[in-house]
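# Coordinate inspection notes
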Amino acid sequence: MADLFWASMTELARLIATKAVSPVEVVRVHLDRIAAHDKDLRSYITICADGALAAARQAEAALMAGRPLGPLHGVPYGLKDLYDTAGIATTGGSKILADRVPSTDATVTRRLAEAGAILLGKLNMVEFAYGPEGLNPHYGHARNPWDGATHRLTGGSSSGSGAAVAAGLAPGALGSDTGGSIRIPASLCGITGLKPTYGRVSRAGVLPLAWSMDHVGPMTRTAADAALMLTAMAGYDAADASSSVLPVPDYRVALTGDVKGLRVGLLRGFFLDAATPEVRSGVEAAARALAAAGAVVDEVSLAQVTNAAPAVLAIIGSEALAYHADTLRARAADYDPEVARRLKVAAFITGRHYVHAQQVRGLIRADVDAALARRDVLLAPTTPMPAPALDERQVTLGDGPSPVRPALIRFTQPFNLSGHPVCSLPCGFTAGGLPVGMQIVGRPFDEATVLRAADAFQRLTDFHARRPVLG
Amino acid sequence: MLPAMTSHPIDLDTLRHGARLAGFAWSDAELEEIRPQVEAALRLLRALEAIPVGDTGPTTHYRTV
């Protein structure tokens, strides 16, 4: 079947369930594409070819025997190498954990397997998830599949997840998001990435960066696929005390395509006004498209978000150092030097800073809640600029020049502080052919409305359906 | 609070003191290497200290209903 690697997870599940295609063929097609392109893209750290084919044969046998099938039966996916996989190395993108082989799966790994999904491999990432550019000195820098002439950043820290899904090396993947690490690569690589509400998805068996900021979520090419994965993964887990007992709906049911009367707040000021002209016009055009489809769009500002950066420094810095302190003392030289620097700097953050930051967090959360009291979702750019080149150190934003790193996380990190669900999806392309991403922010545990809005936009447009040309 | 939290730039003695308080025995070379980032962080933390928070309680977890 032509171009099976571009089929969505939803479509693959249907093709497999109706016996139009074998899970073995689906896995083989993806393994072949990985073999052909991943030396250049460096999206995978570990490829689980034998395991994936064995699982695919079992899936085929179950299908032929008429056994009940899970919603992801036979559908392959990739896992950011932060998620424990029993018997398979989970490196955290590090040299320090290069030989770490967990004996148990992370909860979400197990839940996806129970839903029938097949693991293709463990995906590249920034070491210990601590960075937004997508660089890794141990396993190679993942390469953005758009603009083959220039090595552009994928964004991070879920760099391999972004590159693999965008390039057809996996139909879907899991990432994690502590300051933007699902949404930034989703934006720069032109795919869909969902940071659910904090507590919606279990973090048990996922290597932490910052416990109170980490979020687990899907990275796919469509909102419908994000809904499919979320439904399979979400829900209370006794092994994660922060997970919510709220029931998990079937998020696919919410995807009606209807946005009539949906109240959308377009975020000006800190967000839109700071974006580059092409990003700004992409998001504004998206707002007009939603309005034309019946949404009610107004403009809103969030006064407290300018305080996000120092609060994020204090919280992520303190929590990450707490987790890494012993290893940093014993093996500082084995860290990515950039990651080691960030960890060391956190030694100068005091407890008083940490508590003050958590108070600022309360202000930001209240600010977002207030904006959503009279609206269903908020709309903003995900990143202020498209994918920078690898050697770019500075970008020019709407409000002046900025180093690349703080620019990448500027629009995403407030919602890690607040915990609201956010979906990033492509809303346009620059004149140079680079994807532009926008984020849809919803009320806590209202992933259904966020995904409905994202899916409706994807029914109106085809940005999510464009494909990079690989060499 | 470290004196250097309110002064800028930060000297090596203060870097050594801060690292020791945090439980790390970094060499002078290691401390010099991170000095620019520490100074940048301290500027950001001074901005944090200036944000009025009133009676807002610290938020460490969300509405994990």
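Residues numbered from 1 in each chain as written. Chains lettered and ligands numbered in written order. Predicted model: local features only at pLDDT ≥ 70, side-chain atom pairs only at ≥ 80, totals over all residues. Heavy atoms only, no water.

### Digging into the overall build of chain A
Each helix and strand in chain A was counted, giving 14 helices and 13 strands. The C-alpha atoms of chain A give a radius of gyration of 20 Å, which matches the 23 Å a tight globule of 471 residues would have. A principal-axis box enclosing the C-alpha atoms of chain A has dimensions of 60 × 60 × 50 Å. Counting across all 471 residues of chain A, residues that qualify as buried make up 66%. A separation of at least 24 residues holds for 77% of the contacts in chain A among residues at least 6 apart in sequence. For chain A, the separation between the mean place of its 45 positive charges and that of its 43 negative charges on side chains is 1 Å. (Helix = DSSP H or I, 4+ residues; strand = E, 2+ residues; numbered from the N terminus. Rg over C-alpha atoms; globule rule 2.2 N^0.38 Å. Buried < 20%, exposed > 50% of the residue type's maximum accessible area, 1.4 Å probe, protein only. Contact = heavy atoms within 4.5 Å. Lys, Arg positive; Asp, Glu negative; His and termini not counted. Charge placed at Lys NZ, Arg CZ, Asp CG, Glu CD.)

### Let's talk about unusual backbone geometry
Residues and elements named next belong to chain A. Here G156 and S157 are connected by a cis peptide whose omega angle stands at 15°. Within the secondary structure layout, S157 lies in the loop between β3 (118-123) and α5 (159-167). A positive phi angle, close to 55°, is found at F128, a residue other than glycine. Locating F128 in the fold gives a position in the loop between β3 and α5. Its identity is not glycine, yet D147 carries a phi of approximately 60°, on the positive side. Tracing the backbone through its elements, the reader meets D147 in the loop between β3 and α5. Residue D147 is classed as partly exposed on the basis of its relative accessible area of 24%.

### Overview of the packing of helix α1 (residues 12-21) of chain B against helix α2 (residues 28-49) of chain B
All names here are of chain B. Contact geometry for α1 and α2: axes closest at 10 Å, N-to-C directions at 100°. With respect to each other, α1 and α2 are oriented roughly perpendicular. Residues L12, L15, R16 and A19 of α1 pack against D28, L31, E32, R35 and V38 of α2. When the residues that make up the contact of α1 with α2 are grouped by side-chain class, the tally is five nonpolar, no polar and four charged. (Axes fitted to C-alpha atoms, helices over the stretch in contact; angles between N-to-C directions. Parallel < 35°, antiparallel > 145°, perpendicular 65-115°, else oblique. Nonpolar A, V, L, I, M, F, W, Y, C, P; charged D, E, K, R; others polar.)

### Here's the deal with the sheet that holds strand β8 (residues 296-300) of chain A
Residue and element names in this part refer to chain A. Read from one edge of the open sheet, 11 strands run β1-β3-β2-β4-β6-β5-β12-β13-β9-β7-β8, paired in mixed fashion. With partners counted over all chains shown, the strands left at the sheet margins are β1 (44-47) and β8, one partner each. Averaged over all pairs of adjacent strands, the angle between strand axes in this sheet comes to 30°, irrespective of strand direction. The pairing of strand β12 (residues 422-429) with strand β13 (residues 435-442) spans seven bridges and is antiparallel. From the neighbouring strand, L425 faces β13, where its bridge partner is M438. (Pairing = 2+ DSSP bridges.)

### Examining the confidence of the model for chain B
Reading fine detail from the predicted coordinates is not recommended where pLDDT is low. All names here are of chain B. Here chain B averages 85 in pLDDT, while 78% of its residues score no lower than 70. In the model, residues 1-6 has pLDDT below 50 throughout and makes 16 contacts with residues more than four positions away in sequence or in other chains. Across the predicted assembly, pTM comes out at 0.97 and ipTM at 0.90. (pLDDT = per-residue confidence, 0-100.)

### Observations concerning the packing of aromatic side chains
Residues and elements named next belong to chain A. Inspection of the entire model under this criterion finds 11 aromatic pairs over all chains. Each ring, one from F457 and one from F463, has its centre 6.3 Å from the other, and the planes form 25°; the classification is stacked. Accessibility classification places F457 together with F463 in one group, the buried group. Taken together, the aromatic side chains of W146, F429, F457 and F463 make up a single cluster linked through ring pairs. (Phe/Tyr/Trp six-rings, centres within 6.5 Å; stacked < 30°, edge-to-face > 60°.)

### Side note on the pattern of salt bridges
One pass over the structure, following the stated rule, counts 31 salt bridges over all chains. A salt bridge links A:R405 to A:E338, with the shortest nitrogen-to-oxygen separation between them at 3.0 Å. Here A:R405 is found in helix α12 (residues 404-409), whereas its partner A:E338 is found in helix α10 (residues 337-345), with 67 residues between them in sequence. A:E338 sits in the partly exposed class, given a relative accessible area of 31%. A salt bridge links B:E33 to A:R341; its shortest N-O distance comes to 2.6 Å. With B:E33 in helix α2 and A:R341 in helix α10, this residue pair bridges two chains. For B:E33, a relative accessible area of 41% puts it in the partly exposed group. On the accessibility criterion, A:R341 (16% relative accessible area) is buried. (Salt bridge = Lys/Arg side-chain N within 4 Å of Asp/Glu carboxyl O.)

### Points about the environment of A:A387
Residues and elements named next belong to chain A. Mapped onto the fold, A387 is located in the loop between β9 (377-381) and β10 (394-397). In the structure, A387 is positioned 14 residues away from A373 in sequence and 34 Å away in space, judged by C-alpha atoms. Apart from the residues lying within four places of it in its own chain, the contact partners of A387 are N144, R152, L153, L188 and L434.

### As for the interface of chain A and chain B
With 42 residues of chain A at the contact, the number on the chain B side is 36 residues. Carbon and sulfur atoms supply 69% of the area buried between chain A and chain B, which totals about 3,500 Å² over both sides. For chain A, the biggest contributors to the area lost against chain B are A:R341, A:K344 and A:F348; these three give 20% of the whole. For A:R352, the salt bridge goes to B:E49, with nearest N and O atoms at 3.4 Å. Broken down by element, the residue count for the side of chain A that touches chain B peaks at 13 residues, all from helix α11 (residues 351-373) of chain A. Classifying every residue of the side of chain A that touches chain B gives 22 nonpolar, 13 polar and seven charged. (Buried area = accessible area lost by both parts, 1.4 Å probe.)

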